[in-house]
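Residue-level listing of the chains:
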Amino acid sequence: MTDPRPILFFDSGVGGLSVLGPTRALLPNAPFVYAADSAGFPYGTKGEREIAVRVPALLGRLAERYRPRLIVIACNTASTIALTDVRAALDLPIVGTVPAIRPAAGISVTRTIGVLGTEATVRQPYVDDLAARFAADCTVLRHGSAELVQLAEAKLHGHVTDPARYADILQGLFGQPGGDRIDTIVNACTHFPLVVDELTAAALPGVRFIDGSAGIARRVVALTAGQDWPEHPGTGRAVFTRLDPEADALAPALSRFGLDMIEAL
């Protein structure tokens, strides 16, 4: 007997696709549900209390409907604010997404790291703790950008974006005191790897971008080791808390990630 329970990915928008992709590559027969809180998008400009209440409630509804074997909160903002509450509320494995400061510190030569996220993520004590634990000998500079989230969403919708906008956003890191020494930037929002080519082209020469998607994929594989999967490549569905023309326009991009069914929560 095979186990039909899916792995559920959750984000405010399409950013979590950057985490779904590497996981699907390692578990091609796994069924996936990708849930986007389009009615609450974006999270990065919201207050902590609103996110702390909204995310556990939504994941409770999603868990009841889809009965997943595991949930990935593929959103740095939601993870840094609500991960503990979600784990307390749901009796199944929950994988969070946190800024990849530890691996960034491991590869930085100049010992100066940039953390690029949403406003809500970069101000969290969780980020302070990661920097203190894993990058104590580094200068860690932070910048929050809501615009970069919108640029990633626009790209997935098939729109052309202005390269100058990426350079302006990165100036929020490079323009800080000591910013010219940054050699590694943590993409601390799952939307940002979707525009990593544009960011790389706009960055100072030699700067590397890093995110935690590969590590999350390996964690999902470890947590599901020994479990049964369907015999054929897994099905994928995208679920939106508000299904509107904007969500429908994402169908071609979603299909590239194996999400061929779209529905409303």
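Calculation notes
Residues numbered from 1 in each chain as written. Predicted model: local features only at pLDDT ≥ 70, side-chain atom pairs only at ≥ 80, totals over all residues. Heavy atoms only, no water. Helix = DSSP H or I, 4+ residues; strand = E, 2+ residues; numbered from the N terminus. Areas by Shrake-Rupley, 256 points an atom, 1.4 Å probe, with all protein chains shown as cover. Lys, Arg positive; Asp, Glu negative; His and termini not counted. Charge placed at Lys NZ, Arg CZ, Asp CG, Glu CD. Axes fitted to C-alpha atoms, helices over the stretch in contact; angles between N-to-C directions. Parallel < 35°, antiparallel > 145°, perpendicular 65-115°, else oblique. Left-handed = near helix turned anticlockwise from the far one by under 90°. Contact = heavy atoms within 4.5 Å. Nonpolar A, V, L, I, M, F, W, Y, C, P; charged D, E, K, R; others polar. Polar contact = N/O pair within 3.5 Å; in protein donor to acceptor, adjacent residues only side chain to side chain. Expected span 1.5 Å × (residues − 1). Bend = angle between axes of the 7 residues up to and from the residue. Buried < 20%, exposed > 50% of the residue type's maximum accessible area, 1.4 Å probe, protein only.

This part takes up the overall build of the protein. Along the protein, the regular secondary structure elements total 12 helices and 10 strands. With the C-alpha coordinates aligned to their principal axes, the bounding extent of the protein is approximately 55 × 40 × 35 Å. When the accessible surface of the protein is summed, it comes to about 11,400 Å², and 53% of that surface belongs to carbon and sulfur atoms. The positive charge centre, built from 24 side chains, and the negative charge centre, built from 28, are 5 Å apart in the protein.

Moving on: the packing of helix α2 (residues 48-66) against helix α3 (residues 76-89). The geometry of α2 relative to α3 is characterised by a closest axis approach of 9 Å and an angle of 60° between their N-to-C directions. In terms of orientation, α2 and α3 fall into the oblique class. By crossing handedness, the relation of α2 to α3 is classed as right-handed. For the pair formed by α2 and α3, the contact residues are Glu48, Ile51, Ala52, Val55, Pro56 and Leu59 on the first element and Thr77, Ala78, Ile81, Ala82, Asp85 and Val86 on the second. Residues belonging to the contact of α2 with α3 are distributed by class as follows: nine nonpolar, one polar and two charged.

Inspection of the secondary structure assignment puts Arg111 in the loop between α4 (101-107) and β5 (112-117). If near-sequence neighbours (up to four positions away) are discounted, Arg111 is found in contact with Ala105, Asp137, Cys138 and Thr139. At a separation of 2.6 Å, a polar atom in the side chain of Arg111 contacts the main-chain carbonyl oxygen of Ser108.

A few words on α3. Residues three or four positions apart in an α-helix share a direction because the helix packs 3.6 residues into each turn. For α3, with 14 residues, the first-to-last C-alpha span of 19 Å sits near the 20 Å given by 1.5 Å per residue. The sharpest bend along α3 comes to roughly 70°, located at Ala82. Within the span of α3, buried status applies to Asn76, Thr77, Ala78, Ser79, Thr80, Ile81, Ala82, Leu83 and Val86. Residues of α3 that are buried sit in contact with α2, β3 (70-73), β4 (94-95), α5 (119-122) and α6 (125-134).

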